[in-house]
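So the chains spell out like this:
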Amino acid sequence: MAALIQIRNNVEGVKVFLVGESYSLGRGDENDIVVNDDLASREHALIERVAALGREDAVRYMIRDLGSTNGTFVNHKQISEQALNDGDVIRLGQTFLRFSLHEKGDPAETKVIKKTIIPGVYITTDKK
């Protein structure tokens, strides 16, 4: 199952399974995946699940920059739109996410990360 895994100091952290059709990423609270990074735009990027030429069993994931101030990078290369491959590393501001096509786990384990009023402190809750 496709997933995004946060990478911080070369250690994998929070994992988000991509079970929907699209996911918005950015600093704004209205995004599907909120990135707490001052260098990320409020509406930074969009990841979409696309069926390959009418075949539902063959899907690809595309990432598109939404006109962000500092750009969206895949494997250290700035992109406007690109297909994601297993193992690609996405950078939004100073936030790194690894894309995995074959991540093991249960999507019910997905957590929601929320900011608190204390800078740098977050809480996690089960996704409902």
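Refer to the structure presented above.
What counts and how
Within any chain, residue numbers begin from 1 and follow the written order of that chain's sequence. Two thresholds apply to this predicted model, a pLDDT of at least 70 for residue-level local features and 80 or more for giving and counting side-chain atom pairs, whereas whole-chain, interface and lining totals are computed over all residues. As a convention, hydrogens and water are excluded, and side-chain values are obtained from all of the structure's heavy atoms. Helix and strand labels come from DSSP, where a helix needs a run of H or I of at least four residues and a strand needs a run of E of at least two; each type is numbered from the N terminus. The buried label goes to any residue with under 20% of its type's maximum accessible area, the exposed label to any with over 50%, and the partly exposed label to all in between, with areas taken from a 1.4 Å probe on protein chains only. Any carboxyl oxygen of Asp or Glu that lies within 4 Å of a side-chain nitrogen of Lys or Arg is treated as forming a salt bridge with it.

Colleague: Give a description of unusual backbone geometry that names residues and reports values.
Modeller: A positive phi angle, close to 50°, is found at Asn75, a residue other than glycine. For Asn75, the position within the fold is in the loop between strand E7 (72-74) and strand E8 (77-79). Among the residues examined, Asn75 registers a relative accessible area of 38% and is labelled partly exposed. Of note, the phi angle at His76 is positive, near 70°, even though the residue is not glycine.

Colleague: Mind laying out the pattern of salt bridges, listing which residues take part and the relevant values?
Modeller: One pass over the full model with this rule turns up 5 salt bridges. A salt bridge links Arg64 to Glu48; the nearest nitrogen and oxygen atoms lie 3.2 Å apart. With Arg64 in strand E6 (residues 55-65) and Glu48 in strand E5 (residues 45-52), this residue pair connects regions lying 16 residues apart in the sequence. Its relative accessible area of 26% is what places Glu48 among the partly exposed residues. Three or more residues are tied together by salt bridges with common partners; here these are Glu12, Lys15, Arg98 and Glu103.

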